[in-house]
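For reference, the chains in residue letters:
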Amino acid sequence: MVTGAGGALGTDLAGLLRADGERVTALTRAELDITDADAVERAVAAWAGADRAGDDPAVLLNAAAFTAVDLAETDPDAARAAHEVNTVAPGLLAAACARHGARIVHVSTDYVFDGAGPAGRSAPDGGRAGYEPDDPTGPAGVYGRTKEAGEQRVREAAPEAHHVVRTAWVYGGTGANFVRTMARLAGERDTLHVVDDQHGSPTWSRDLAVGLVALGRSGAAPGTLHATGGGVTTWCGLARAVFEELGADPERVRGCTTAEFPRPAPRPAWSVLSPASWTAAGLPALRPWREALSAAVVRHPELLGPAAVR
Ligand SMILES: NC(=O)c1ccc[n+]([C@@H]2O[C@H](COP(=O)([O-])OP(=O)(O)OC[C@H]3O[C@@H](n4cnc5c(N)ncnc54)[C@H](OP(=O)(O)O)[C@@H]3O)[C@@H](O)[C@H]2O)c1
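For every chain, the first residue of the written sequence is number 1, and numbering continues from 1 onward in sequence order. For this predicted model, a pLDDT threshold of at least 70 governs which residues receive local features, and a threshold of 80 or more governs which side-chain atom pairs are given and counted, while totals over whole chains, interfaces and linings are taken from all residues. Excluding hydrogens and water, the side-chain values take into account all heavy atoms of the structure.

Caption draft 1: Layout of the packing of helix α1 (residues 8–19) against helix α7 (residues 205–217). Two numbers describe how α1 lies on α7: the axes approach to 9 Å, and their chain directions differ by 60°. By the angle class used here, α1 and α7 are oblique. In this structure, α1 crosses over α7, and the sense of that crossing is right-handed. Mapping the contact onto sequence places A8, L9, D12, L13, L16 and L17 in α1 and S205, R206, L208, A209, V210, L212, V213 and R217 in α7. Classification used: nonpolar for Ala, Val, Leu, Ile, Met, Phe, Trp, Tyr, Cys and Pro, charged for Asp, Glu, Lys and Arg, polar for all others including Gly. Here the contact of α1 with α7 is built from residues that sort into ten nonpolar, one polar and three charged. Think of each axis as a best-fit line through the C-alpha atoms, taken over the contacting stretch in the case of a helix, with angles from 0 to 180 degrees between the N-to-C directions. Numbering of helices and strands starts at the N terminus; helices are DSSP runs of H or I of at least 4 residues and strands are runs of E of at least 2. If an angle is under 35 degrees, it is roughly parallel; if it is over 145, roughly antiparallel; if it lies from 65 to 115, roughly perpendicular; otherwise it is oblique. Handedness of a helix crossing follows the sense of rotation of the near helix relative to the far helix, less than a right angle counterclockwise being left-handed and clockwise being right-handed. It only takes one pair of heavy atoms within 4.5 Å for two residues to be counted as in contact.

Caption draft 2: Main features of helix α8 (residues 235–246). To estimate how far a helix should extend, the number of its residues minus one is multiplied by 1.5 Å. For α8, with twelve residues, the first-to-last C-alpha span of 17 Å sits near the 16 Å given by 1.5 Å per residue. For every residue, the accessible area (1.4 Å probe, protein chains only) is compared with the maximum for its type, and the residue is labelled buried under 20%, exposed over 50%, or partly exposed between those bounds. Every buried residue of α8 is listed here: W235, C236, L238, A239, A241, V242 and F243. Looking at the buried residues of α8, the elements they touch are α6 (178–188), β7 (192–195), β11 (233–234), β12 (253–256) and α10 (289–299). Of the residues one or two after α8, G247 is the one with positive phi, at around 80°.

As structure tokens, this is what we get:
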């Protein structure tokens, strides 16, 4: 079962499972509002009961979230919605899964960390280390706090049957995202200034979906894992890569600092999540982010704008 099936990740999860011939119950927000406790119970009971008749494990992949991070910071109604969708609802889903013998894979975010980077540790190559799942959290904004609390509700409601998977910098074929925005701006402006002091790992939603499906099919122990595209860049680095994919001059993208481009929600300066937990669980590493971007724009040429659609 996929919840939030109309979003970037949810669309890819549902598409992938269908292409694999799985029986999948994929529900968009219009089909299941995950904040509606009665509706969640009914939907999970019906699905898990039906699914148990077969051999497949019953796994609920929760891709639903309130993701408007700036709005959550500035609008009290949005903050309340973020709490309901990101904190309360994952607990409802996990509890329903526990009641009906299903497992839940719940997706969370780099925003649960403060962005200062893990203290006192270097990466194997001597560089700066990525966050491990057990590193202390410390979200700096509303969205991150609601997501962190949602993780906790999932762990409490389904202690033996949950996976919390934190990811970062997600883009895909569905909805607004950074890649699409940069491609549009390439057609509108001669030069762009893009933040060059926030580091992270761009993640194609389809690669993440492949990983989450592998996790759902695996016998991995319950717990928290990190999964992003491989490697590290900045938003400026990602914007330059989009220009390269367009055949435009990447030098038209100039680096700037976070301070020069203030936003309502604080962004983590260091969003890098170590893949060690993922590979230690026997799961296939997501491919390097740059390779993934090239594959993504082949699959979704519309990401690069109307002119790029072949
Ligand atoms: N995008 C990123 O950069 C990023 C980074 C780190 C982690 N994540 C996490 O990755 C997961 C997937 O995110 P995404 O990028 O696919 O986000 P997305 O495209 O915004 O998709 C989220 C989906 O959840 C739906 N939704 C919202 N409220 C709901 C409700 N009450 N009941 C059911 N569905 C509801 C949304 O529907 P509407 O559009 O109708 O509201 C949307 O279809 C989320 O857990 C997110 O926190 C994302």
